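Next come the chains, spelled out residue by residue.
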Amino acid sequence: MRSTQLLIADEWVPAADGATSETVDPATNTVIGTFAEATVADVNAAVSAARAGFESDAWQGMTPDQRGQLLWRIAEMLERDAAEIAALETLDQGQPSFMSSGVTLPLSAQVFRYYAGFATKIQGKVAPISIPGNLTYQRRVPLGVCALITPWNFPLAIAAWKLAPALATGNAVILKPAEQTPLSTVRLVEICREAGVPSGVVNLLTGGPEVGKALVAHRGVDKVSFTGSTEVGQHIARAAADDFKRTTLELGGKAPSIVCADADIDAAVMGNLQGAVFNTGQACGAYTRFFVHSSRVDEFTSKLAAAADSLPIGPGQDPNTIVGPLVSQEHLDRVASFVQTGRSQGAELVTGGARADGDLAKGFFYRPTVFAGVRDDMTIAREEIFGPVLSVMAYDDMDEAVARANDTDYGLVAVLWTKDLVAAHTVPPRLRFGTVFVNQLPLIDPAAPWGGFGMSGWGRELGEYSIDGFTETQSTFVNLA
Ligand code: NAD
C-alpha cells in the first residue's frame, strides 16, 4: 500500500483537512494506495507557492541552458527508474506492460529530452517597423502559473507532454492527475525534485474534480492545460472566460477509419484492431468507426472479429496481455451500457459484448467487441465509448466515405487504408481531423503536434506548438533617437 501526499512549496504535506482517497488496481479491484484529497485551502496554497516559485531568483535566474540540463536530467531519471514506474502505471491504470514499458516510459523520457533541446531555442523576432529611430523586438515570455490537469488513460505520458514544455518555457506549474490514477504522477514529481527543480516551480495536488474546478476558477492561475472529456472541457472553457485564462483543451475523439477497396485487408485488419484496442480502447485517438468499401466489408468483418477474439486478455503484468482491464467499475458499466444500446438499436453483434469471466471476473475486463451493420445515427457510432468496441459500416464511393467520416462532433484523428498513392495524398486534406494517419497505427511523437478540430478541443500540444501554448508574445520598443 502506498500513501501519497501533496507537494506544495517543496514540502510533502497532507491535505489541509487530512482527507484521503483510495486508488485501486483495476485488474483485481483491490485498493493499492491512498492519496491526499486536496481542499480549496490546498489549492490556494499551491497557487501561492507556484507564484512564488515562478518569481523566485532560483527560477528566474536559471539560464536557458540550465533549464535544458534540468529537463535532460528528468529524462535520464525516468529512464533510470523506467521498470519501476512502468510497473506502477500498470498497477494503477491497468495498462498492459508492453504499453507501459514499451511506450509510456520511453515516450515520457523522449518528451523531456525533446523540450530540453528547445529551452535554448525559444527565439523571438525583430519586426521591421516604419517608425524612424525605433527598434522593436518580440520575445516569447512565460505565462506564469499553469495548472496541468490530466486524465486517467495515459497518466504519465500526458503529464510529461504538458510539464516538459511548461518548464522549458520558464513557467511554474501545479499538476493535477486524475483521481483514478495518481501514482505515476507522484513519482514524476519526486523525480523533478531530485533533478533540482527549484522550490515552488512544480507543485502537485491530488484529488477529484473539485480540485480541478478550484484551479480553473482561481485568478492566480494564468493557464489551464487540460486533457480529458469534452464535457469537462466545455466547463473549463466557460469558466476560463471569466478572466481570459489561457487554455489548451485536448478532448474526446471518435476516429473514423476508411478502408478502401484496394487496401491490403490483412494489414488493415491488424492495424485497425491494434489502433482500436491499444490501452483497451481507452485512448482519445482510438479507431472506432470503420468505413469499409462494400466489396470488402464481409471479408474485413470476419477477419476483424476472428482477430479480436484471439487477443489475449489479462492483467497488465502478464507479458502476453494485449487487452488489459478498463480503469474502473464505473467505466466498465459505461462501456457495457453502450454495447447494450448498440444491440437495442439494431447493430449486429459479431463478437464480444460481455465482461471477461473466470479468474478475470473480479477485475474490470471487457471482451473486444465488434459490431457490423452499424448505422451512422446509432449511439455507438456517434458517442465516444473509450473502450474496445468497434463498429463496421459499408460505403460505396469515396465522397460518401469522406462525408460520413466527417459527420461527427469530434475531429481528433482519422485513418485511411489504401495502396493508391493519389488517394493517400488527396483524401487526408478532405478529412476534418487534427491528425490523419495513412496505413498506420495512431502514433505519438514529441515533434508532431497533437490536438483536434471541432469538439476535440482547442490548440495543439507537442512540437513547437507547445512552446507557443506556454508563452505570450511580448514586444519591446526602444527609442534610439
Ligand atoms: P475527465 O474529463 O472526467 O477528467 C479529466 C481530469 O479533469 C481529471 O483530473 C479530473 O479530476 C478533472 N476534472 C473533472 N471535472 C473537472 C472540472 N469541472 N474542472 C476541472 N477539472 C476537472 O476525463 P477522464 O474520464 O479522466 O478521461 C477520459 C477523457 O479524456 C476521454 O474523453 C478522452 O477522449 C479524453 N482524452 C483526450 C486526449 C487528447 O489528447 N485529446 C487524450 C487522452 C484522453
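The name an unreviewed UniProt entry gives the chain is Acyl-CoA reductase-like NAD-dependent aldehyde dehydrogenase, with Mycolicibacterium frederiksbergense as the organism. Listed under Sequence similarities (unreviewed entry) in UniProt, the entry text for the chain is "Belongs to the aldehyde dehydrogenase family."

(A) How the structure looks around the UniProt feature "active site" (unreviewed entry) in the chain. Per the UniProt record, the feature "active site" (unreviewed entry) sits at Glu250. Note that Glu250 resides in strand β12 (residues 246-250). Residue contacts for Glu250: discarding those within four places in its chain leaves Phe226, Thr227, Gly228, Trp450, Gly451, Gly452, Ser456, Gly459, Arg460 and Glu461.

(B) Looking closely at a nonpolar patch on the surface. Taken together, the side chains of Val126, Leu135, Tyr137 and Leu480 define a hydrophobic patch exposed on the protein surface, amounting to about 360 Å² of accessible area. Looking at the secondary structure, you find Val126 in strand β6 (residues 125-126). Residue Val126 is classed as exposed on the basis of its relative accessible area of 59%.

(C) Quick look at the UniProt feature "domain: Aldehyde dehydrogenase" (unreviewed entry) in the chain. Per the UniProt entry, the sites bearing "domain: Aldehyde dehydrogenase" (unreviewed entry) are residues 12-475 in this numbering. Here residues 12-475 is 40% helix and 21% strand, with 39 Å between the C-alpha atoms at its ends.

(D) Layout of the environment of Gly228. Here Gly228 is to be found in the loop between β11 (223-227) and α9 (230-240). Each C-alpha atom of the pair Gly228 and Gly457 lies 9.7 Å from the other, and the pair is 229 residues apart in sequence. In contact with Gly228, not counting residues within four places along its chain, are Pro151, Glu250, Leu251 and Gly252.

(E) How the structure looks around the pairing of strand β17 (residues 389-395). Buried residues dominate β17, accounting for six of its seven residues. Here strand β14 (residues 287-293) runs beside β17; their pairing, made up of five bridges, is parallel. When the sheet's bridge partners are listed, Val292 is paired in β17 with Ala394. Two elements, strand β16 (residues 369-372) and β17, share three bridges in a ladder whose sense is parallel. Paired with Val370 across the bridge in β17 is Leu390.

About the cut-offs
Residues numbered from 1 in each chain as written. Predicted model: local features only at pLDDT ≥ 70, side-chain atom pairs only at ≥ 80, totals over all residues. Heavy atoms only, no water. UniProt positions renumbered as here; feature names shortened; annotations may be inferred. Helix = DSSP H or I, 4+ residues; strand = E, 2+ residues; numbered from the N terminus. Contact = heavy atoms within 4.5 Å. Patch = residues over 30% accessible without salt bridge, like charges linked within 9 Å, V, L, I, M, F, W, Y side chains within 5 Å. Areas by Shrake-Rupley, 256 points an atom, 1.4 Å probe, with all protein chains shown as cover. Salt bridge = Lys/Arg side-chain N within 4 Å of Asp/Glu carboxyl O. Buried < 20%, exposed > 50% of the residue type's maximum accessible area, 1.4 Å probe, protein only. Pairing = 2+ DSSP bridges.

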